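Structural features, examined
Each chain, letter by letter, is given below.
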Amino acid sequence: MNKWCYFFGGILFLGLVMIMSPACETNRKLISQPIKEQGPEYLFEQLKKNELKYNSLSLKFNAEADVNNDSKSFSGAVYIIRDSVIWLSISKFGLEAARFLITQDSAKMINRLNNTYFVGDFTYVCEIFKIDFDYDMLQSLIIGNDFSYYDNDVFKAAIDNKNYKLSTVGRRKLKKYVKAENEAQRVLIQDIWLDPETFKIVKISMKEVKEQNRKLETFYSDFQLVEDQRFPFTLHVEINDDKRIAVDISFTKATLNSVDNIPFKIPESYTRAVK
């Protein structure tokens, strides 16, 4: 693999970790009444009822990423057209460094720093993360929703540190949404913490059964109203594997249903790079 591929991988890794990252709540109101025991069916019903509803989403952010004590700051924007496209632009000192376009099946990148571009399939996103993601999982983690196409009947409910907690050691993708063999074999060990007043997700911990040494935790906080829906404006993510990655995100703007098209065009003068 040439030096460009390592550079591209690093940028894509930081960029995707950045947009995946949501953080722990720092300004929650005190709960006046004791939390009542509830079953997983009720909690999932409330979770789905209070999830972000959208057709498209536009976000602007400032971020800082720490990879093995090497800290980098950057800013950018994210556009999402639900179940279709995730677009990401990363900037430094007000100048765009890279632009990404991720769909159900593909991953593309324009590198402004050396006038090159990359085109590959979605598996490259999985290789960068070293986690067997699918598009639905990535899209859901960005906005703080639960996964749309995975079973919900394998969870147990509990109360943990003044939040509701849903836990499972065997969550699978629903068969009607399985497109590839690796999706059928993916089994998640997952914990979800819910705010007892809003039923918004405040933390997710996730790892695969076959990769138990690799762990992803996302925390969602600073919920503000976007139109009439709550959205987390302060985010944090940690990935622990052979290296530790921590990312803090501050969204400066969030707009619902304003994205009509995605600006992604590869300049004719750019050179295609190979993995």
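Above: the structure in question.
Let me sum up the structure you'll find in this document. Computed from a prediction, not measured in an experiment: that's the story for all the values here.

Here is what the cut-offs are and how they apply
Residues numbered from 1 in each chain as written. Predicted model: local features only at pLDDT ≥ 70, side-chain atom pairs only at ≥ 80, totals over all residues. Heavy atoms only, no water. Core = buried A, V, L, I, M, F, W, Y, C linked by side-chain atoms within 4.5 Å. Buried < 20%, exposed > 50% of the residue type's maximum accessible area, 1.4 Å probe, protein only. Contact = heavy atoms within 4.5 Å. Helix = DSSP H or I, 4+ residues; strand = E, 2+ residues; numbered from the N terminus. Arc of directions from axis to C-beta. Polar contact = N/O pair within 3.5 Å; in protein donor to acceptor, adjacent residues only side chain to side chain. Salt bridge = Lys/Arg side-chain N within 4 Å of Asp/Glu carboxyl O. 1 Å grid on protein atoms, 1.4 Å probe; cavity = no way out; pocket = protein on both sides within 12 Å on 5 of 7 lines; lining within 4 Å. Points joined across faces, edges and corners; volume = space filled by probe spheres on them. Nonpolar A, V, L, I, M, F, W, Y, C, P; charged D, E, K, R; others polar. Phe/Tyr/Trp six-rings, centres within 6.5 Å; stacked < 30°, edge-to-face > 60°.

What follows concerns the nonpolar core. In terms of nonpolar packing, the biggest core is built from 61 residues, with Leu57 and Phe231 touching the most fellow members. Setting aside residues up to four positions removed in sequence, Phe231 forms contacts with Leu52, Leu57, Leu59, Ile143, Asp222, Phe223, Gln224, Val226, Phe251 and Ala254. Grouped together as the second largest cluster of nonpolar side chains are eight residues, Ala77, Trp87, Ile110 and Phe264 included.

In this section: helix 2 (residues 40-49). Every buried residue of helix 2 is accounted for by Pro40, Leu43, Phe44, Gln46 and Leu47. Relative to the axis of helix 2, the buried residues are bounded by an arc of 165° and lie together on one face. More than 90 degrees from the buried face of helix 2, the exposed residues found are Glu41, Glu45 and Lys49. Where helix 2 is buried, its residues touch strand 7 (156-160), strand 8 (163-171), strand 9 (188-194) and strand 10 (201-208).

Attention shifts here to the side chain of Ser221. Take Ser221: it is sitting in strand 11 (residues 211-226). Accessibility expressed as a relative area gives 0% for Ser221, which makes it buried. Within the structure, the side chain of Ser221 is placed 2.9 Å from the backbone oxygen of Thr234, a separation counted as a polar contact.

Following the criterion strictly, the structure yields 12 salt bridges and no others. The shortest N-O distance in the salt bridge between Asp134 and Lys173 comes to 3.2 Å. Residue Asp134 is located in the loop between helix 3 (123-129) and helix 4 (135-143), and its partner Lys173 is located in the loop between strand 8 and helix 5 (181-185); the two are separated by 39 residues in the primary sequence. In this structure Lys173 comes out as buried when scored by relative accessible area, which is 12%. Two residues, Glu217 and Lys203, come together in a salt bridge whose shortest N-O distance is 3.5 Å. Of this pair, Glu217 sits in strand 11 while Lys203 is found in strand 10, placing the two residues 14 residues apart along the sequence. Judged on exposure class, the residue Glu217 and its partner Lys203 are both buried.

Right, let's get into empty space enclosed by the protein. Following the criterion strictly, the structure yields two cavities of 30 Å³ or more and no others. Of the voids in this model, the second largest cavity is the one considered here, and its volume is about 30 Å³. Along the walls of the second largest cavity sit Leu47, Asn50, Glu51, Gly144, Asn145, Phe199, Lys200 and Ile201, which together make up its complete lining. Here the lining of the second largest cavity is composed, by residue class, of three nonpolar, three polar and two charged.

Let's shift gears to the environment of Ile102. Mapping Ile102 onto the fold places it in strand 4 (residues 95-103). Looking at Ile102, the relative accessible area reads 2%, which means it is buried. Between the C-alpha atom of Ile102 and that of Leu88, which follows or precedes it by 14 residues, the distance is 8.5 Å.

The next subject is the packing of aromatic side chains. Scanning the model with the defined rule gives 10 aromatic pairs in all. Between Tyr42 and Phe199 the ring centres are 6.1 Å apart and the planes differ by 80°, which places this aromatic pair in the edge-to-face class. Taken as a pair, Tyr42 in helix 2 and Phe199 in the loop between strand 9 and strand 10 lie far apart in primary sequence, 157 residues in all. Overall, the relative accessible area of 10% leaves Phe199 in the buried class. On the basis of an interplanar angle of 55° and a centroid distance of 5.6 Å, the ring pair of Phe147 and Tyr150 is categorised as tilted. A residue is classified by how much of its surface remains accessible, and Phe147, at 1% relative accessible area, is buried.

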